[in-house]
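# Structural features, examined
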Amino acid sequence: MPESPQEIDPLEAKQSIVEYCKRKGALAVGVANLQAVERICPPGHRPTDIMPRVRSVISLGVGGQTQGAWSVPAKAMGYFGSTENHAYRIAYGLAFFIENHFGVRSVYCPPDMDPESGPRVPLQSLKVHAELAGIGARSLAGDILLHPDYGYMYFASVFTELDLPHDEPLASNPCPAPSCVELYRKVGQTPCMKFCPVQCLNGEIDENGKQKIMRYDMAACAEMTQQYEAVPAAIMEALEAPAGPDREDAIFDPDRKILWYKMSVGSGGLLGQCFECMRVCPIATNAPLADPVLRHRAATRDTQGGK
Amino acid sequence: MPRGFSRQQIGVTEALIETFGDVIFRMSHNYQERQGDPYRNLDWPEIERQRENMGLADAEIAQRIGLTRDQVLHIRTTLEHRRFHTGYYVRLLDLGGGKRFRAERFTPHDERPQFSVEALELRAAMRYPSDLATKYIQNGWWSDDTLHGWLDKHAAERPDSPAIQTLEGQLSYGGLHEKVAHLARAFYEIGIGPGDVVAIQLPNIPEYLIAYLAIARLGAVITAIHMPYRAAECESILKHSRAKAVICFTEEREYKAAEQFLGLRAMCPKLEHIISLGSKVDGTLSLSDMVERRVDIELPEGPVASDPFLLLYTSGTTSSPKGVPLSYHNILSNARLNAPELALTTDGIHLSATPYSHLYGLYSFHLAMAVGACNLLLPVFKPVDLVTLIENGRPSAVWTAPAHIAACMQVGLLDKHDLSSLKLVIFSGSACSPELVRTLEEKLAETVVVQQWGMTELQSGIYTRLDDPPGTAARTTGRPSPGTEARVVDPESGEELEAGEEGELQVRGCHLFPGYLRNEEANATAFTADGWFRTGDLARRDKDHNFAITGRITEIINRGGLKYNPRVVEELLDSHPKILQSAIVPMPDTVLGEKACAFVTLAPGVSSIRLEELCEHLLQLQIAKNKLPERLVVVDEMPLTPTRKVIKGKLKIPGA
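Small disclaimer: the values here were computed from a predicted structure and weren't measured.

What counts and what doesn't
- Residues numbered from 1 in each chain as written.
- Chains lettered and ligands numbered in written order.
- Predicted model: local features only at pLDDT ≥ 70, side-chain atom pairs only at ≥ 80, totals over all residues.
- Heavy atoms only, no water.
- Helix = DSSP H or I, 4+ residues; strand = E, 2+ residues; numbered from the N terminus.
- Rg over C-alpha atoms; globule rule 2.2 N^0.38 Å.
- Contact = heavy atoms within 4.5 Å.
- Areas by Shrake-Rupley, 256 points an atom, 1.4 Å probe, with all protein chains shown as cover.
- Pairing = 2+ DSSP bridges.
- Axes fitted to C-alpha atoms, helices over the stretch in contact; angles between N-to-C directions.
- Buried < 20%, exposed > 50% of the residue type's maximum accessible area, 1.4 Å probe, protein only.
- Salt bridge = Lys/Arg side-chain N within 4 Å of Asp/Glu carboxyl O.
- Buried area = accessible area lost by both parts, 1.4 Å probe.
- Polar contact = N/O pair within 3.5 Å; in protein donor to acceptor, adjacent residues only side chain to side chain.
- Nonpolar A, V, L, I, M, F, W, Y, C, P; charged D, E, K, R; others polar.
- pLDDT = per-residue confidence, 0-100.
- Phe/Tyr/Trp six-rings, centres within 6.5 Å; stacked < 30°, edge-to-face > 60°.
- Left-handed = near helix turned anticlockwise from the far one by under 90°.
- Patch = residues over 30% accessible without salt bridge, like charges linked within 9 Å, V, L, I, M, F, W, Y side chains within 5 Å.
- Core = buried A, V, L, I, M, F, W, Y, C linked by side-chain atoms within 4.5 Å.

The next thing to look at is the overall build of chain A. Along the backbone of chain A there are 15 helices and nine strands. Relative to its length of 307 residues, chain A is compact, with a C-alpha radius of gyration of 21 Å against a globular reference of 19 Å. Counting only C-alpha atoms, chain A reaches 70 × 45 × 35 Å along its principal axes. Put simply, 70% of the contacts in chain A that link residues at least 6 apart link residues at least 24 apart. Just so you have it, chain A exposes about 13800 Å², and 55% of that area is on carbon and sulfur atoms.

And the structure:
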């Protein structure tokens, strides 16, 4: 039976929410400071723009692929590297869980693009939610969030009218890793900057080994990763190409045809992924609890240590 | 039309996009810059200060610069797609599994080299019927053979084995590989790339083969210019081939080749580089320097077997030169398939008496490369030089024209030198008399004599085999090479003829060129509808499917409707003691249409000969009266091809 909101203990509710998420496979769960989210996000992209009576923003993160996945060719990684659907499923279930258990309205925050703003503007910033919920910190890799224990995660958010105590952002930022600082000192670039296929990353590290400046050329990144944007561009190029073989190639060459394939039957998920900055990121790939195998080993060590 | 509004509704013009597009793009999320870590630290002053650097929402930009939100949205998204480059995803395709993108090692696709217009035109000429191409591949005739692939293989497997041998020394496959790599880089540095045509006018010297292989390594296309050619012939070839560079001697005796080619640049606009061997001439590049110099440049991928490889010009015995494009498929499959038929092996030494400017000369090199044999080089043919080189260089096989051996025999050289190293003598390039074959077989008892028929259009098409019955090579040029079909047809009806009947030789197969370059007129008549190439040669086939070449269709004399092949008459004339060499050509006649005109060169010590003497000689040999020549022209020397075949087209009848 749903409890009355007045009878709900916020701490106990939060505990049950965290337990639910972890039981379903989330690695990290947190509650963002709603006022801070509202203040950082621009009008139209604030939680209250989706849910006017929202009281809490819950963010959860799930892990990525196996260790082996980081070694596969980029063209294969593009298909299965991301696991955000797993996060979305948990968030979707969590919204029902809250409504069912606590009797308050909740919503799985749509992770998609704002129909009024084109394909580069999301309805909500899952990144801001996760960062303020304390489950990720901005990296030099275009502000992709990293976690010191779980590395590279995919995030989902749930808005609820339930009052929950919020968490604080991470106390420290794992990026840059010591090895990245070392490379930066030698060549002026961290691995993510050095190996970006479109060189969309740039930045500086201060004398203390902390992030000083992060620069991100999102337009360049989009040319690599936002394949759904490439489809209309390809059509335009075909229209502008001279009739004959040039136009035929503009539509039908293998690169173009694979776009159609990905847009139709072959995607299996979202298509905005490149992964090369994360592939070379020591935090993303080698965080101590980044995947189930590592977590199991860590848990086993803890148990044995306890004995 | 963002949010469903048209430009007219929100007042956006191209002028507005042009004016505000850049600033909107920059103020938006498309470029982001963050200093420190203000969000995690909730450092509100810094968050506010950096808000614009992190990218503003459309409404915020609109407020900042004085446009409506919908105008900003429209302009931003317009800029986003206008600045969007497609095709970048392909940068990822080679990455992963330890491979990392390195900006300094990556050349964007639109900056990568592309084939020139001329190269594409040449590639477009490499068109084969799809059913035949399928057959050639399914039969294993067309494979992945490339010259650089073969060189890489031999250099890796047997780097110390000799690849080139002269009387002055040897060059191993390892050494050859290194020199070829140096020269290929030097060529690439000056802009010679895949598909570009490079002409070579050099004799059979090591530099020829090094340059040949270096050009091939780049995927450039080689055109060969015969050494006797001068400005007129060179200009014709350079113009038609659209050669980008020419490699030549600086000078050779009175022939100042480099200066000549420098002068030809004005007439040949595609000709950029003159690369000369010898003393330095202003405006030219030194081939020697290019071979020795180390250039730090990464070579492009090498060619593949379907790429154009050679652009050769026919020997022109009957007409002006025609460009013959040939692929690695055509040429190297021929060498690969023929090598075992000729029992060629790695330890063989190949000698070509014919210049490498002729495909027959190159054929010996291609065969050597097919098996990894050594190439013994004879720069210029002289009878005594040939036999001396055979005696000292100990070749296992020699590729020669009948005239080369005949010249040696004439002065008794074959009896004075040790030719015992020869296991194989291959005759080609012109008709070979049975007597010559028999005589040679008698003198070289341990040597197999092979008679071969080939053309620039297909390299080696027909030849006798090592295990043929005795006398086969004296009577015929043997059977088609693997991958080649041959037939004899009636030149007028096109119907295939029975064994023993003379008609036109037609061939088709995996070695055959696809058609003359930029010469639709020639192509229209060169092939039958079902892809047979009309060789223009007359031939007979015997019951064992051996072919004997009997002449040229164009040389047939049509005297009042009675046609005959003058080849037999020429052979009988050549047996006259006063005659060194003869050639009969048709002479226009108002009554009969054509009559025969005999051109002759006189034997040493003979000062004159009369037509009556010739006719008497022929009549004694039982020749029909209607085949008697009706005019005699004595010339000092015959115009000859590099394989010493008479160029009848150059025999001009005085007063005609």
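Let us look at the sheet that holds strand E2 (residues 56-62) of chain A. Residues and elements named next belong to chain A. Pairing is antiparallel across the open sheet formed by four strands, whose spatial order is E1-E2-E7-E3. Edge positions in the open sheet fall to strand E1 (28-32) and strand E3 (106-108), since each of these has one partner strand only. Mean inter-strand twist for the sheet, computed between neighbouring axes without regard to direction, equals 25°. Relative to strand E7 (residues 154-160), E3 runs antiparallel, the two sharing three bridges.

Residue and element names in this part refer to chain A. When you tally the buried positions in E1, you get five out of five residues, the bulk of the element. Here E1 shows a buried face lined by Ala28, Gly30 and Ala32 and a second buried face lined by Val29 and Val31. Sheet topology note: the E1/E2 ladder contains five bridges and is antiparallel. Residue pairing in the sheet places Ala28 in a bridge with Gly61 of E2.

Side chains carrying opposite charge are able to pair once their charged atoms draw close together. The full count for this structure, using the stated rule, is 57 salt bridges over all chains. Across the pair Glu229 of chain A and Arg120 of chain A runs a salt bridge, and its minimum N-O distance is 2.7 Å. Note that Glu229 of chain A is positioned in helix H10 (residues 227-240) and Arg120 of chain A in the loop between E3 and helix H6 (126-132), a separation of 109 residues in sequence. A salt bridge links Arg394 of chain B to Asp418 of chain B; the nearest nitrogen and oxygen atoms lie 3.0 Å apart. With Arg394 of chain B in the loop between helix H17 (383-393) and strand E13 (397-400) and Asp418 of chain B in the loop between helix H19 (413-416) and strand E14 (424-427), this residue pair connects regions lying 24 residues apart in the sequence. For Arg394 of chain B, a relative accessible area of 36% translates into the label partly exposed. In the salt-bridge network here, residues are joined through shared partners; they are Arg120 and Glu229 of chain A together with Asp58, Arg76 and Glu80 of chain B.

Here the residue pair Cys175 of chain A and Pro176 of chain A is connected by a cis peptide bond, since its omega of 5° sits within 30 degrees of zero. Here Pro176 of chain A shows up in the loop between E7 and helix H7 (178-187). A positive phi angle, near 55°, is found at Arg394 of chain B, a position not held by glycine. Backbone geometry places Gln459 of chain B, a non-glycine residue, at a positive phi of 65°. Considering the arrangement of structural elements, one finds Gln459 of chain B in strand E16 (residues 459-463).

As paired elements, strand E8 (residues 201-205) of chain A and strand E9 (residues 211-217) of chain A share five bridges and run antiparallel to each other. By the bridge assignment, Asn202 of chain A is partnered in E9 of chain A with Arg215 of chain A. In sequence, E8 of chain A turns back onto E9 of chain A through a hairpin of five residues, with Gly209 of chain A there showing a positive phi of about 80°. Sheet topology places E9 of chain A next to strand E1 (residues 31-35) of chain B; five bridges connect them, and they run antiparallel. Looking at E1 of chain B, one finds that Asp217 of chain A is bridged to Tyr31 of chain B.

Most of helix H9 (residues 218-225) of chain A sits inside the fold, with eight of its eight residues counted as buried. Along H9 of chain A, the residues classified as buried are Met218, Ala219, Ala220, Cys221, Ala222, Glu223, Met224 and Thr225 of chain A. Against the buried residues of H9 of chain A lie E9 and H10 of chain A together with helix H2 (14-27) and E1 of chain B.

With that out of the way, let us pick up the interface of chain A and chain B. Across the boundary between the two partners, chain A contributes 59 residues, which contact 46 residues of chain B. Contact between chain A and chain B buries roughly 4500 Å² in total, counting both sides, with carbon and sulfur atoms accounting for 55%. It is Arg39, Glu116 and Glu223 of chain A that lose the most area in chain A upon contact with chain B, and together they represent 14% of the buried surface on that side. Arg120 of chain A is paired through a salt bridge with Glu80 of chain B; the nearest N and O atoms lie 3.9 Å apart. The tally of links between chain A and chain B comes to 25 residue pairs in polar contact (both at pLDDT 80 or more). Split by residue class, the side of chain A that touches chain B holds 29 nonpolar, 11 polar and 19 charged.

Locating Pro469 of chain B in the fold gives a position in the loop between E16 and helix H21 (472-475). Sequence-wise, Pro469 of chain B and Trp150 of chain B are 319 residues apart; in three dimensions their C-alpha atoms are separated by 34 Å.

Here we take up the sheet that holds E8 of chain A. On the basis of which strands lie adjacent, the open sheet formed by three strands has the order E8(A)-E9(A)-E1(B) and antiparallel pairing. If you trace the sheet from one side to the other, it starts and ends with E8 of chain A together with E1 of chain B, each paired once. Sheet twist, expressed as the average angle between the axes of neighbouring strands with direction ignored, equals 5°.

We now examine the confidence of the model for chain B. When pLDDT is averaged along chain B, the result is 92; 98% of the residues meet or exceed 70. The ipTM value of the predicted complex is 0.94, and its pTM value is 0.81.

With that settled, consider the packing of aromatic side chains. Residue and element names in this part refer to chain B. Overall, the coordinates contain 23 aromatic pairs over all chains when judged by the stated rule. A centroid spacing of 5.7 Å and a plane angle of 80° characterise the contact between Phe25 and Tyr31, whose relative ring orientation is edge-to-face. Since its relative accessible area comes to 2%, Phe25 is described here as buried. We classify Tyr31 as partly exposed; its relative accessible area is 27%. A network of ring pairs unites the aromatic residues Tyr208, Tyr212, Phe309, Tyr328, Tyr356 and Phe365 as a single cluster.

Residues and elements named next belong to chain B. Here helix H15 (residues 328-341) crosses helix H16 (residues 359-371) at 65°, and the two axes come no closer than 9 Å. In this structure, H15 meets H16 at a crossing whose hand is right-handed. Across the interface between the two elements, Ile331, Leu332, Asn334, Ala335, Arg336, Asn338 and Ala339 from H15 touch Leu359, Tyr363, His366, Leu367, Ala370 and Val371 from H16. Here the residues of the contact of H15 with H16 sort into nine nonpolar, three polar and one charged.

Attention now goes to a nonpolar patch on the surface. All names here are of chain A. The grouping of Ile235, Met236, Leu239 and Trp260 at the surface amounts to a nonpolar patch, some 390 Å² of accessible area in total. Among the elements that take part in the nonpolar patch, H10 stands out by supplying three residues, more than any other. As for its position among the elements, Leu239 is in helix H10.

So, about the side chain of His329 of chain B. Residue and element names in this part refer to chain B. Its location among the elements puts His329 in helix H15. Accessibility expressed as a relative area gives 13% for His329, which makes it buried. Within polar-contact distance, the side chain of His329 engages the backbone oxygen of Ser143 at 3.1 Å. Beyond its immediate chain neighbours, meaning those up to four positions away, His329 contacts Trp142, Ser143, Ala305, Ser306 and Cys510.

In this section: the nonpolar core. Residues Leu147, Phe187, Tyr208, Tyr212, Ile247 and Phe309 of chain B are the most contacted members of the largest nonpolar core, which totals 92 residues. For this core, the leading source of residues is helix H11 (residues 206-218) of chain B, giving 10 residues. Among all residues touching Phe187 of chain B, those that are not within four sequence positions of it are Ile192, Ala211, Ala214, Ile215, Leu218, Ile247, Ile275, Leu287 and Met290 of chain B. Core analysis: the second largest hydrophobic core is formed by 83 residues, Leu94, Val104, Ala133 and Cys175 of chain A among them.

Further remarks concern the environment of Cys180 of chain A. Residue and element names in this part refer to chain A. Here Cys180 shows up in helix H7. Separated by 103 residues in the primary sequence, Cys180 and Ile283 place their C-alpha atoms 9.8 Å from one another. Those residues within four positions of Cys180 in sequence are excluded, and the remaining contacts are Thr190, Pro191 and Pro282.

Another aspect to go through is the environment of Ile144 of chain A. Residue and element names in this part refer to chain A. In this structure, Ile144 sits in the loop between strand E4 (137-138) and strand E5 (145-147). For Ile144, a relative accessible area of 25% gives the class partly exposed. On a C-alpha basis, the gap between Ile144 and Met278 in space is 8.9 Å, while along the polypeptide they are 134 residues apart. Once you skip the residues sitting within four places of it in the chain, Ile144 turns out to touch Ala137, Arg138, Ser139, Tyr152, Cys277 and Met278.

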